[in-house]
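Secondary and tertiary structure notes
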Amino acid sequence: MCEISRRGFMVGCSAAIAGLAGSRFNSLAFGAPGDQDVLLVVFLRGGMDGLNLMPPIAGADRGYYEAARPDLQVPVSGQGAALPLNSQFGWSPDASPLLDLYQNGSLSLVVATGMDEPNRSHFESMEFMETGTPGVAHTPTGWLTRHLQSSVEIPEEVIMPSLSMGDLQPTSLRGDRETVNINDPSTFSLDTGPWLWRGPQRAAVRSLYQADSTLVHVTGNQALDAVDIIELYATGEYTPSNGAVYPDSDFGDHLQVIAQMIKLDLGLQVATLDLGGWDTHEGQSWVLSSLLADLSSGLMALYTDLDGGGAQNFTQKLTLVVQSEFGRRFAENADNGTDHGHGNLMMVLSGNAAGGIHGAWPGLAPGQLFEGYDLAVTTDYRRVLSEILIRRLGNNKLGLVFPGYTGYQPLGVVSGTDLTPDYKGGPGSTIFADGFESGDTSAWSG
Amino acid sequence: MRRHRLRRTDVDTREAPTSAHQARAAALERTYQRATAMRTARSAGERSRLSTPPPASPGTQPPLAVQAWNRLAFGPAPGDLAAFDGLGPDDDVRLTALVDQQLDPGSISDTACDAKIAASGYTTLNKSLSQLWADHVVADVEWSDRIRPLVETIFVTLLRGVHSRRQLFEVLADFWHNHFSIYGWGFYEAPTWVHYDRDVIRANALGNFRTLLEAVAKSTPMLIYLDNYLSSDDGPNENYARELMELHALGDENYYGTIPRSQVPVDGNGLQVGFVDEDVFAVTRALTGWSLDADPWWDLETGNGGYYYRHDWHDTGEKNVLGQILPAGQAPEKDGLDVLDILASHPGTAKFVCRKLCRRLIGDFPPETVVDAAAQTFLANTAASDQIARVVRTILLSSEFRSSWAAKIKRPFDIIVSSLRAANADLPFIEDHPESESLDWRFYQTGHYSFAWHPPNGYPDFAEAWVSSGPRVMTWRLTNWLVDYNWTDDEYRIDLRAETPAGVRSANALVDYWLDRVLGRTISDSDRTRIVEFMAQGHNPDLDLPLDTDDDVQSRLQSMVGLLFMSPEFQWR
């Protein structure tokens, strides 16, 4: 009798699995009430200029903004004028699709988010944010890894709990041994080598990787599982629903794959993807404009694609968060660009979003800027993510996901049931007891 | 003691203050607390956790020849392991001889590789910077002509990796390209790539770090990639200055964030032990005017494509860099040159650069002892023209080098090149050649394509970054393509039967022969048995297979070697 389980499910089961190819796993509880959302984390690499995505359009802050950004400002009237968000803020016309989502209440905005870490390094900031341990580099697991480890037990029949789109698995999923990491499902296949021996070679390579539990072995099995999953389920043509049109870009392609995976009901819980290129030290206008267009048309396409009626209403099961490692310097530089800054905008897109603008706006007066240069941080980014963990994903184990973080209060970014946060690290905390520290290889096999 | 334990209580947990004033006051207080904590942590050497032990390695220590050829080379080619044994009476003598030979690449005849390069018909590799600029930038050529210097460098890098006998030089060229990483596909970066690879990276790969640092600072692609060519007193651009400190010299392990300079510890020579944003701003000012030849300045195509210093753009005021004062009104260029002097001779730079070299040549988590030894060599030889060679020698001849097998996994480029070397393959690496283009595309899909990492920190050099399913599967797909049949030319890409001695025909013998070629060592009995079973396909493994008459047996041999390239043991070095 062949059991379908996530790890090594192909062994001895190929006929049974093959029979399921292309079909939905309707037996999974994806659509059932009470189960958890798919969390999709979009990371804008390089430091997105939130001040030009959501510029002030009125009051004293508008004056400071125009003075700080004589050439890069989003105007309040005329060509390229900011679209009105409310009386205080506007929205870049390059990102108008997101404004539509904001206006229909699906998009929540959180201003002036970031880390307390006084740090303007891309690489340290991303490391800190994605490990979920600000100030501590080289934490062996990412925050999403620890979320997956600490949330309700993932059913055995879940085929693909987590997916990362792109060349490499991101730091937020560092150390996760079940993630499927792919760039392009159409070429993600073991379809080379002398054809006569492909099957036997594959069986042989599987058995070599099952023979031990070192890092290379465990992750080799993970890769073999991933290729089985993609070959069996995700190589077919995909037609977006509801007339959604994805941008012709890597970002659009990656979003489309995620939509496909969500609809295939493989049990997806977490997905990640990146959009890079936001480090606009020079010539920002054109770059930011095209990036915002890619971002906003992509997210709009995804939302439209998933926003069907009845059983096709996947947006009720989607929580998407957009973050970046930091914002940009308030004042533009002389090269039509901006250098590294501090506080920034986070966005949450969901059928269960509360909509609206959240967080305390720190102001742009000279005395209000972080160190006199940058938008200050008033909301810890972990607060936003913790609210999603608790209200949308039912995981209150903040002590495991964000060690050291306490005092959580919801901002009201999404709807959902509040749970008492559990701040305990305790045994099983992968940060404080792991293979990196002990040198114990057995930790790698978990 | 571990840094995170200390920091755990240090993480601020307060929620959003109700006013900006409160936010600012709270931020200042936190900054002060954090600075205190960081000082304590860093003085205890806990800034990075890189000295923690790696996961225990599988298998046993291989022969030193195997270890050496996997560390200071892209794996052994036929004959390399045997040649090692001929270098002296014992391993100490042999390793020293090999390292000294490899550190003097001019002494190694490389005529076969040179001949392959000559036969490949590259047209840009011998052009000077001004020629590259004239032919590929100023001349209004099509994109494919514009980027040819980059494309040919990508191909010749593969060719040299496979065929050059100066393997350590190739390993270090790869290392420095990653250390001073530039995304090569930029509008001006691609046409000047030959210059960057040849005149900057390779010219200094075994030379002096200070010289290399200045060559990078003044190189056309770096000036453009990190915007310093635009940076002036009126409009400073801190992009390059920040990465110079964080990525090229002192490293992120010596970054103290945005705290005040006065809170950074000072060493015995009065220098700050690390840098803060104030230093980034000072270095930015010191490097204003380091620009490119052009008149008017904004029309680069009016120039020769080379470095040009604009004193009228330079901020001549006083600067404080790591506690050292650069007085106002210094001679042209001197501020910037002083900065490079300070950085290149700083103990933090020595430690950071040496840790990265140890990470490449030894393991992800090199012992602090070898990092210290290498940093001592680095600092004792700051004026030596072969400073880097001396540092590398310290690392390769250390006891830590010899006692650490399987502390690294191969990245996709390493796997591709080591497969081709083990198989004695002779593939074309030529633009527009269909086989080369196919290889090129498959290489791109591994996620480790040459000169294609967008941010300036270079491809990660930790196992954890490369063990996910993306690079694993796409690399397996590539190595299986290497052993596959080429239907266009009606032949195997690599004819492994022709590479197998005539007397080797049984499944047992074939597997043992190719295990020795590909791995140079034995593997567990159970793994070997599994591979023999694949090769035998139910036949008695001691009986000769009809390899010379049965096409299916040859294709099985091809597939078996492909299996070795996919095997766990081949992923380690």
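1. Topic: the interface of chain A and chain B
Much of the literature gives interface size as the accessible area that the parts lose upon coming together. Listed by partner, the interface residues are 92 residues for chain A and 92 residues for chain B. Both faces combined, the contact of chain A with chain B buries some 7,900 Å², and carbon together with sulfur accounts for 58% of it. Here chain A is connected to chain B by 5 salt bridges. The salt bridge partner of Arg198(A) is Asp484(B), with a shortest N-O separation of 3.9 Å. Linking chain A to chain B there are 30 residue pairs in polar contact (both at pLDDT 80 or more). Those elements giving two or more residues to the side of chain A that touches chain B turn out to be α5 (122-131), β6 (180-182), α7 (198-209), α8 (215-233), β11 (379-380), α11 (381-392) and α13 (435-438) of chain A. Residue classes in the side of chain A that touches chain B are distributed as 38 nonpolar, 35 polar and 19 charged.

2. Concerning the packing of helix α6 (residues 111-119) of chain B against helix α9 (residues 148-163) of chain B
Residues and elements named next belong to chain B. The N-to-C vectors of α6 and α9 enclose an angle of 155 degrees; their axes lie 10 Å apart at closest approach. Looking at the two axes, α6 sits roughly antiparallel to α9. α9 is crossed by α6, and the crossing has right-handed handedness. Across the interface between the two elements, Cys113, Lys116 and Ile117 of α6 pack against Val156, Leu159, Arg160 and His163 of α9. Here the residues of the contact of α6 with α9 sort into 4 nonpolar, 1 polar and 2 charged.

3. Quick look at the domain arrangement of chain A
Domain boundaries assigned for chain A yield domain 1 (1-31 + 189-233) and domain 2 (36-185 + 241-432). On a C-alpha basis, the centres of domain 1 of chain A and domain 2 of chain A stand 33 Å from each other.

4. Let's talk about the pairing of strand β1 (residues 38-45) of chain A
Residue and element names in this part refer to chain A. Most of β1 sits out of view: 8 of its 8 residues are buried. Here β1 runs beside strand β8 (residues 318-324); their pairing, made up of 7 bridges, is parallel. What sits directly across from Val38, in β8, is Leu318. Direction of pairing for β1 relative to strand β7 (residues 270-276): parallel, over a ladder of 7 bridges. Following the sheet pairing, Leu39 is matched in β7 by Val270.

5. A closer look at the confidence of the model for chain A
All names here are of chain A. For chain A, per-residue confidence averages 86 on the pLDDT scale, and 87% of positions sit at 70 or higher. A low-confidence stretch, residues 1-34 (pLDDT under 50), is modelled with 69 contacts involving residues beyond four sequence positions or located in other chains. Predicted confidence for residues 426-446 stays below pLDDT 50, and this span has 47 contacts to residues more than four positions away or in other chains.

6. A short note on helix α7 (residues 129-138) of chain B
Each turn of an α-helix holds 3.6 residues, which means side chains three or four residues apart point in the same direction. Residue and element names in this part refer to chain B. Looking only at α7, the buried set comprises Leu129, Leu132, Trp133, His136 and Val137. Relative to the axis of α7, the buried residues are bounded by an arc of 110 degrees and lie together on one face. Against the buried residues of α7 lie α8 (143-146), α9, α11 (193-204) and α13 (220-225).

Basis of the calculations
Residues numbered from 1 in each chain as written. Chains lettered and ligands numbered in written order. Predicted model: local features only at pLDDT ≥ 70, side-chain atom pairs only at ≥ 80, totals over all residues. Heavy atoms only, no water. Contact = heavy atoms within 4.5 Å. Buried area = accessible area lost by both parts, 1.4 Å probe. Salt bridge = Lys/Arg side-chain N within 4 Å of Asp/Glu carboxyl O. Polar contact = N/O pair within 3.5 Å; in protein donor to acceptor, adjacent residues only side chain to side chain. Helix = DSSP H or I, 4+ residues; strand = E, 2+ residues; numbered from the N terminus. Nonpolar A, V, L, I, M, F, W, Y, C, P; charged D, E, K, R; others polar. Axes fitted to C-alpha atoms, helices over the stretch in contact; angles between N-to-C directions. Parallel < 35°, antiparallel > 145°, perpendicular 65-115°, else oblique. Left-handed = near helix turned anticlockwise from the far one by under 90°. Domains from an automatic or database assignment. Buried < 20%, exposed > 50% of the residue type's maximum accessible area, 1.4 Å probe, protein only. Pairing = 2+ DSSP bridges. pLDDT = per-residue confidence, 0-100. Arc of directions from axis to C-beta.

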